[in-house]
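Residue-level structure breakdown
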Amino acid sequence: METSNEKSIGSLIHLSTLSQYIVPFGNYLFPLLIWSSSKDKSTFIDNNGKQALNFQLSILLYSLIALIIAIPTCLFWFINIVEKLEINDNEVTIREIFTNENINGLVILGIVTVVLLAFLKISEFFLIIYASVKSANGELYNYPLTINFIK
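Presented here is an overview of the structure given in this document. (Residues numbered from 1 in each chain as written. Predicted model: local features only at pLDDT ≥ 70, side-chain atom pairs only at ≥ 80, totals over all residues. Heavy atoms only, no water.)

1. A few points about the overall build of the chain
Our working rule: Helix and strand assignments come from DSSP, with helices taken as H or I runs of at least 4 residues and strands as E runs of at least 2, each series counted from the N terminus. Burial classes: relative accessible area under 20% of the type maximum marks a residue as buried, over 50% as exposed, and values in between as partly exposed (1.4 Å probe, protein chains only). To measure how exposed things are, a 1.4 Å probe is used in the Shrake-Rupley method; for residues, cover is taken only from the protein chains shown.
Scanning the chain from terminus to terminus reveals four helices and two strands. Walking the chain from its N terminus toward its C terminus, one meets helices and strands in the order α-α-α-β-β-α. Counting only residues that meet the buried cut, the chain has 38% of its 151 residues in that class. In the structure as shown, the chain presents an accessible area of about 9,500 Å², 69% of it carried by carbon and sulfur atoms.

What follows is the structure, encoded as structure tokens:
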């Protein structure tokens, strides 16, 4: 049975990952500080800290993979658009940007990857809130699709 202090610290670990929207790398620093200062006191806090950090590291890995796919494909499409520009008498005209020739599989892959990245970040926010509520209730929560970097 977890004490209310352990539940609060466990919930705070999860909620501290939201600091990424205010402090760069706050989603790694603050949970790490809270977890490392309290992990020896309770297995409940230890488990919550590991889960929060593993989830953040997994999200980082998934985001990097998505960006590695999305950036080159979007750049490829942008270069094709720039090649289609015509400059006549200080006027720029665009001829036929959205044609079957310009929108190919790579562009669609880039767009799908950007949409998946947006979905990943939105689901991250809601999963963090859900995990903190579970932790506040004294329940152990395992994030989905998390790679266990810290065991």
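Still more to cover.
2. Quick notes on the nonpolar core
Put simply, the test is: Residues enter a nonpolar core if they are buried and are Ala, Val, Leu, Ile, Met, Phe, Trp, Tyr or Cys, with the set joined through side-chain atoms within 4.5 Å. Any two residues whose heavy atoms approach within 4.5 Å at even a single point are treated as in contact.
Formed by Leu-18, Phe-55, Ile-59, Ala-66, Leu-117, Leu-120, Leu-127, Ile-128, Ala-131, Tyr-141 and Tyr-143, the largest nonpolar core amounts to 11 residues. Sorting the residues of this core by element identifies helix H3 (43-83) and helix H4 (105-136) as the ones contributing at least two each. Tallying contributions element by element places H4 first for this core, with five residues. In this view, Ile-59 contacts Leu-120, Lys-121 and Glu-124; residues no more than four positions away in its chain are not counted. Counting seven residues, the second-largest nonpolar core is a separate cluster that includes Ile-9, Ile-34, Ile-45 and Ala-52.

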